[in-house]
Amino acid sequence: MTCTPVRLPAGGTAIICTTTRRCKCGRRATLLCDWKVPTKKSGTCDAPICARCTTSPAPDKDLCPKHAAEFKTWKAARA
Ligand SMILES: [Zn+2]
Ligand SMILES: [Zn+2]
């Protein structure tokens, strides 16, 4: 959990607390893996990924490196 003071446009500050999720490479993760994982509560992998490490198979979809590899295999099997 990280708490950051944020300056409000109307004046004053607010403290925004977020769980900082880091990509495996150490950069701040701004994306989550959308690979379907039925055993997960959320239904998706949700691995934190940064903009550099993502693989986007479709607009608004992101895959972690592990699932990007699985996606490749899956695509190759269908081709
Ligand atoms: Zn990364
Ligand atoms: Zn994943």
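Definitions and limits used
Residues numbered from 1 in each chain as written. Chains lettered and ligands numbered in written order. Predicted model: local features only at pLDDT ≥ 70, side-chain atom pairs only at ≥ 80, totals over all residues. Heavy atoms only, no water. Phe/Tyr/Trp six-rings, centres within 6.5 Å; stacked < 30°, edge-to-face > 60°. Helix = DSSP H or I, 4+ residues; strand = E, 2+ residues; numbered from the N terminus. Buried < 20%, exposed > 50% of the residue type's maximum accessible area, 1.4 Å probe, protein only. Donors = N, O, S within 2.8 Å, 3.2 Å for Na, K, Ca; no water.

Chemist: Run through the packing of aromatic side chains, naming residues and quoting values.
Modeler: Here the structure, examined in full by the defined rule, presents 1 aromatic pair. Taking 5.8 Å as the distance between ring centres and 25 degrees as the angle between the ring planes, the aromatic pair formed by Phe71 and Trp74 counts as stacked. With Phe71 and Trp74 both in helix 1 (residues 65–78), this residue pair falls 3 residues apart, about one helical turn. Taking relative accessible area as the criterion, Trp74 reaches 43% and is therefore assigned partly exposed.

Chemist: Summarise the coordination of the zinc ion (ligand 2); cite the residues concerned and give the values.
Modeler: At this site the zinc ion (ligand 2) is bound by Cys33 (SG), Cys45 (SG), Cys64 (SG) and His67 (ND1), with donor distances of 1.9 to 2.3 Å. Read from N- to C-terminus, the donor residues coordinating the zinc ion (ligand 2) fall into the pattern C-x11-C-x18-C-x2-H. With a gap of 34 residues between them, Cys33 in the loop between strand 3 (31–32) and strand 4 (48–49) and His67 in helix 1 connect regions that are remote in the sequence. Residue His67 is classed as buried on the basis of its relative accessible area, which comes to 5%.

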